[in-house]
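Single-letter residue listing:
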Amino acid sequence: MKRRQKYAASLADRLAVWLATGLGIGLVTPAPGTVGGLLGLPLSWVIMQLPTLGWQIVATLVVGLVATNICSRAVRMIGGDDPQEIVLDEIAVLPIVYLASGLTNWRVLWAGWLLFRLFDITKPLPARNLEKLPGGWGVIADDAAAAIYACLALWIIKGLDQTYAWGLLTPVLVS
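The paragraphs below set out a description of the structure included in this document. (Residues numbered from 1 in each chain as written. Predicted model: local features only at pLDDT ≥ 70, side-chain atom pairs only at ≥ 80, totals over all residues. Heavy atoms only, no water.)

### Concerning the layout of surface pockets
Working step 1: Its volume calculated, the largest pocket comes out at about 290 Å³.
Working step 2: Together, 15 residues line the largest pocket, and Thr60, Leu61, Gly64, Ile96 and Ala144 are the ones closest to its centre.
Working step 3: Put simply, the parts of the chain that give the lining of the largest pocket at least two residues each are helix 5 (53-78), helix 6 (88-93) and helix 9 (135-163).
Working step 4: If one sorts the elements of the lining of the largest pocket by residue count, helix 5 sits on top with 7 residues.
Working step 5: Taken together, the residues of the lining of the largest pocket break down into 12 nonpolar, 3 polar and no charged. (1 Å grid on protein atoms, 1.4 Å probe; cavity = no way out; pocket = protein on both sides within 12 Å on 5 of 7 lines; lining within 4 Å. Points joined across faces, edges and corners; volume = space filled by probe spheres on them. Helix = DSSP H or I, 4+ residues; strand = E, 2+ residues; numbered from the N terminus. Nonpolar A, V, L, I, M, F, W, Y, C, P; charged D, E, K, R; others polar.)

Structure, rendered in structure tokens:
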């Protein structure tokens, strides 16, 4: 059985592995998806600053497509179906979490990230099945599904928080 090349041969391959591993974070840290996923928080904040939901969706799709291509190349270099070292999937899909509810404060930011990690780790159906897609598509798709679940959960929790004035994610207005 031919062993996969462990290190990239060309500059483009090395760059893809470097980007896919979150600037190398996925290579050196325990729980690389959790730690690497933190890099998605600034990306999410930047995308949520775009003026309309339409622009936010377009930016998120563009980031996802670029990440899919980078992850495809990195998977070929590292080997395996969804190598743990690759964390660009967690980074690239995190903005999906905030599309329905917005990113209004630090509590929403952290709640969304925690919900995403919960769904990414547990991988409810069909997320686990999406890992079987080829190359970067499988790497990104399962995380995109987890981000969609987190988006819906955050939207529901934020709505309940506002309706019942719990003050967990949104400030309670005192009259």
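### Considering the packing of helix 5 against helix 9
Working step 1: Running from N to C, helix 5 and helix 9 cross one another at 125°; their axes reach a closest spacing of 7 Å. Comparing their axes, helix 9 and helix 5 come out oblique. The handedness of the crossing between helix 5 and helix 9 comes out as right-handed. Where helix 5 approaches helix 9, its residues Leu65, Ala67, Thr68, Cys71, Ser72 and Val75 are matched on the opposing element by Gly135, Gly136, Trp137, Val139 and Ile140.
Working step 2: Its residues placed into classes, the contact of helix 5 with helix 9 shows 7 nonpolar, 4 polar and no charged. (Axes fitted to C-alpha atoms, helices over the stretch in contact; angles between N-to-C directions. Parallel < 35°, antiparallel > 145°, perpendicular 65-115°, else oblique. Left-handed = near helix turned anticlockwise from the far one by under 90°. Contact = heavy atoms within 4.5 Å.)

### Some words on the packing of helix 7 (residues 106-122) against helix 9
Working step 1: Axis separation between helix 7 and helix 9 bottoms out at 8 Å; the angle between their running directions is 135°. By the angle between their directions, the pair helix 7 and helix 9 is classed as oblique. Pair helix 7 / helix 9 crosses with right-handed handedness. Touching Val108, Ala111, Gly112, Leu115, Phe116, Phe119 and Asp120 of helix 7 are Asp142, Asp143, Ala146, Ala147, Tyr149, Ala150, Ala153, Leu154, Ile157 and Lys158, all from helix 9.
Working step 2: Per-class residue counts for the contact of helix 7 with helix 9 are 12 nonpolar, 1 polar and 4 charged.

### Things to note about the environment of Glu131
Working step 1: Structurally, Glu131 can be placed in the loop between helix 8 (127-130) and helix 9.
Working step 2: Considering only alpha carbons, one finds Glu131 and Ile47, 84 residues apart in sequence, at a separation of 26 Å.
Working step 3: Setting aside chain neighbours within four positions, we find Glu131 in contact with Asp82, Lys123, Gly138 and Asp142.

### Considering the pattern of salt bridges
Working step 1: One pass over the structure, following the stated rule, counts 5 salt bridges.
Working step 2: Among the ionic pairs, Glu90 bridges to Arg117, the shortest N-O distance being 4.0 Å. With a gap of 27 residues between them, Glu90 in helix 6 and Arg117 in helix 7 connect regions that are remote in the sequence.
Working step 3: Residue classification places Glu90 among the buried residues on the basis of a relative accessible area of 8%.
Working step 4: Asp120 is the salt-bridge partner of Lys123, the closest N and O atoms lying 2.8 Å from each other. The same class applies to Lys123 as to Asp120, namely buried.
Working step 5: Connected through salt bridges with shared partners, the residues Glu90, Arg117, Asp120, Lys123 and Asp142 form a single ionic network. (Salt bridge = Lys/Arg side-chain N within 4 Å of Asp/Glu carboxyl O. Buried < 20%, exposed > 50% of the residue type's maximum accessible area, 1.4 Å probe, protein only.)

Distances and angles like these do not, on their own, reveal function.
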